Amino acid sequence: MVSTQNNTVSRSKVDITGVPETMLQTLYARAKESRKPDHAIYDGKAIEIVDSLDYDFSLADKDMAMGSGVIARTIVLDKLVSEYLKKHKGAVVVNIACGLDTRCYRNEGKYKGWYNIDLPETMTVRAKFLREDGPVYQIAESAMDGKWADMVEYAGEPVLVIIEGLTMYLTGADVKKIFDIIDRKFTHATVFVETMAPFMVKHIKEKSIHGSHARFSWGVPNGEKLAEIIPKYRYIEQHSLVEGMAEFIPVYKVVGKIPFVSNISNKIVVMEK
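The following refers to the structure shown.

Scoring rules and cut-offs
Residues numbered from 1 in each chain as written. Predicted model: local features only at pLDDT ≥ 70, side-chain atom pairs only at ≥ 80, totals over all residues. Heavy atoms only, no water. Salt bridge = Lys/Arg side-chain N within 4 Å of Asp/Glu carboxyl O. Helix = DSSP H or I, 4+ residues; strand = E, 2+ residues; numbered from the N terminus. Disulfide = S-S within 2.5 Å. Buried < 20%, exposed > 50% of the residue type's maximum accessible area, 1.4 Å probe, protein only. Phe/Tyr/Trp six-rings, centres within 6.5 Å; stacked < 30°, edge-to-face > 60°.

Our next topic: the pattern of salt bridges. In this structure the tally under the stated criterion is 18 salt bridges. Between glutamate 157 and lysine 112 there is a salt bridge, and its shortest N-O distance comes to 2.5 Å. Highlighted residues: glutamate 157 in the loop between helix 7 (147–150) and strand 8 (159–163) and lysine 112 in the loop between helix 5 (103–106) and strand 6 (113–118), separated in sequence by 45 residues. The residue glutamate 272 makes a salt bridge to arginine 234 at a minimum N-O spacing of 2.9 Å. Taken together, the positions of glutamate 272 in strand 11 (residues 267–272) and arginine 234 in strand 10 (residues 234–240) put the pair 38 residues apart, joining distant regions of the chain. When salt bridges that share partners are traced, they join Arg30, Asp43, Arg73, Asp78, Asp101, Arg103, Arg106, Glu164 and Glu194 into one network.

A covalent bond between the sulfur atoms of two cysteines is referred to as a disulfide. A complete count under the given rule lists 0 disulfides for this structure. No disulfide involves cysteine 98; its nearest neighbouring cysteine sulfur is the one of cysteine 104, lying 8.4 Å away. Residue classification places cysteine 104 among the buried residues on the basis of a relative accessible area of 1%.

Considering all chains together, one arrives at 9 aromatic pairs under this definition. The interplanar angle of 85° and the centroid separation of 6.3 Å between the aromatic rings of tyrosine 84 and phenylalanine 192 together place this pair among those described as edge-to-face. Of this pair, tyrosine 84 sits in helix 4 (residues 64–87) while phenylalanine 192 is found in strand 9 (residues 190–195), placing the two residues 108 residues apart along the sequence. Phenylalanine 192 matches tyrosine 84 in its accessibility class, with the two residues each being buried. Ring plane angle 90° and centroid distance 4.9 Å describe the contact between tyrosine 154 and phenylalanine 186, whose orientation is recorded as edge-to-face. Within this pair, whereas tyrosine 154 is found in the loop between helix 7 and strand 8, its partner phenylalanine 186 is found in the loop between helix 8 (172–185) and strand 9, the two being separated by 32 residues in sequence.

In structure tokens form, the structure reads like this:
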């Protein structure tokens, strides 16, 4: 990925804007945390890719709120995904809006197939750094286009769908459309979906995210309210990202017990059909 010759370093330029560009901010957050001696998470591939890119990460470097949120949700989702794969041998995993996520590598050998799905412009960037051709696959399609479902090999296996860092940029109708596609494709499925509280959508601006011209546009208070939008699914449980924050910022072990803090935090909602 990075070649050196005559003491120079060759780096890859990326030309993306809007929501797809946010994947670079989250990638940097994971790499930055991974470089710390006392890292809360470790993502070696994130470090490799960041070191390979010709991109100005200065906004992401200063955006403490965004960085902490990324680390917290990585902790929460890594735990949930690992637990699911331990219980469901030979599962198929569908990772919607994958960006430059590397969770498939942290769970190698635990699944039958892992499908990373994102917009064509995003997958063009991903393909430069992550060669995936089985059991990890890349699908360059919009989450709201049912074409991606036709490309997933499915024979009734347990199915886990991960939707991370996406719904807050959509509308309620968009979210319902994605869940409808999942419903049509799979007989049974478990979905881990990240949601943002309406309060945060209205009042919070993450500098690095807004710097990429992406804007938060939709939120839902909790899993029960999400179930009202997608009635074919059962709400199972939800995990506030405060749970992840508490693992590397000790004060959240206390602050996280305050209902207001827990309520406005992003959540990983578990839905089943």
